Amino acid sequence: MEVATGKVTDACYPRHRHEEFRKFLKQVAKTYPRVKLHIVCDNYATHKHPAVRAWLDTHKRITMHFTPTSGSWLNMVEIFFGIITRQAIRRGTFTSVKDLTGAIGIFIDAWNERCEPFVWTKTADQIIPRATRGKQTSIARH
């Protein structure tokens, strides 16, 4: 999700391994060429796999940031997942994975036609102490 606009770059894969994540990173890099990218992820092991780290080492314009453990609510993509679940998936009837991924694609296309950036209702000074209370955050480049 692009912070400035709310636009979503999507891909649906049958598995969620480091290979698929690296393929998605390549897609994002191609979508946004020649600009520095800051990608926020949760602490899922796939996001920190040695093959992903090796790829990132050769793509210095991309910096990974990780939300604190139990802090997925800070990740705008997680917020978007909640929206798409409520509005497109939860009450849908899908007879196949192809139907489900098709519905997801249709929703995202419509979202991107009318997207707006998310607006936080609290300041960073109000959010950060609660997000980091008793937890270590990863600010290292992975």
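Scroll up for the structure.
Please read all numbers here as calculations on a predicted model, not as lab measurements.

A. View of the packing of aromatic side chains. Counted according to the given criterion, the structure contains 4 aromatic pairs. Taken together, Phe 80, Phe 107, Trp 111 and Phe 118 form an aromatic cluster joined through their ring pairs. Taking the ring centre of Phe 66 as reference, the NZ or CZ of Lys 48 above it sits at 4.6 Å.

B. Focus on the nonpolar core. Ranked by internal contacts, the top residues of the largest apolar core, which has 14 residues, are Leu 25, Ile 39, Leu 56, Ile 62 and Met 64. Elements with a minimum of two residues in this core: helix H1 (18-31), strand E1 (37-41), helix H2 (50-57) and strand E2 (62-66). Broken down by element, the residue count for this core peaks at 4 residues, all from H1. Within the second largest apolar cluster, 8 residues are counted, among which are Val 8, Phe 107, Ile 108 and Trp 111.

C. Geometry of H1. Taking 1.5 Å of rise per residue, the 14 residues of H1 would be expected to cover 20 Å, and the 20 Å separating its terminal C-alpha atoms lies within 8% of that figure. For H1, the complete set of buried residues consists of His 18, Glu 20, Phe 21, Leu 25, Val 28 and Ala 29. At its buried positions, H1 is contacted by E1, H2 and E2.

D. Focus on the environment of Glu 78. With respect to the element layout, Glu 78 can be found in helix H3 (residues 76-89). You can call Glu 78 partly exposed: its relative accessible area is 28%. Note: C-alpha distance between Glu 78 and Asp 42 (36 residues apart in sequence) is 9.1 Å.

E. The pairing of E2, seen in detail. Taken across its 5 residues, E2 has 4 buried, putting it largely inside the fold. In the sheet, E1 pairs with E2 via 5 bridges, with the strands oriented parallel. Bridge pairing in E2 places Leu 37 opposite Ile 62. A crossover connection joins E1 to the parallel E2 through H2; in handedness this β-α-β unit is right-handed.

F. Spatial organisation of the packing of H1 against H2. One way to put it is that H1 packs onto H2 with a least axis distance of 9 Å and a crossing angle of 25 degrees. By the angle class used here, H1 and H2 are roughly parallel. H2 is crossed by H1, and the crossing has right-handed handedness. Judged by residue contacts, His 18, Phe 21, Arg 22, Leu 25, Lys 26 and Ala 29 of H1 engage Ala 51, Val 52, Trp 55 and Leu 56 from H2.

G. Here's a closer look at the pattern of salt bridges. All chains considered together, the criterion is met by 2 salt bridges. Note that Glu 20 is salt-bridged to Arg 17, the shortest N-O span being 2.7 Å. By relative accessible area, which is 11% here, Glu 20 ends up buried. On the basis of relative accessible area, Arg 17 is assigned to the partly exposed category, the value being 31%. Linked through salt bridges whose partners overlap, the residues forming this network are Arg 17, Glu 19 and Glu 20.

About the thresholds
Residues numbered from 1 in each chain as written. Predicted model: local features only at pLDDT ≥ 70, side-chain atom pairs only at ≥ 80, totals over all residues. Heavy atoms only, no water. Phe/Tyr/Trp six-rings, centres within 6.5 Å; stacked < 30°, edge-to-face > 60°. Lys NZ or Arg CZ within 6 Å of the ring centre and 35° of its normal. Core = buried A, V, L, I, M, F, W, Y, C linked by side-chain atoms within 4.5 Å. Buried < 20%, exposed > 50% of the residue type's maximum accessible area, 1.4 Å probe, protein only. Helix = DSSP H or I, 4+ residues; strand = E, 2+ residues; numbered from the N terminus. Expected span 1.5 Å × (residues − 1). Contact = heavy atoms within 4.5 Å. Pairing = 2+ DSSP bridges. Right-handed = clockwise from strand over helix to strand, strands pointing away. Axes fitted to C-alpha atoms, helices over the stretch in contact; angles between N-to-C directions. Parallel < 35°, antiparallel > 145°, perpendicular 65-115°, else oblique. Left-handed = near helix turned anticlockwise from the far one by under 90°. Salt bridge = Lys/Arg side-chain N within 4 Å of Asp/Glu carboxyl O.

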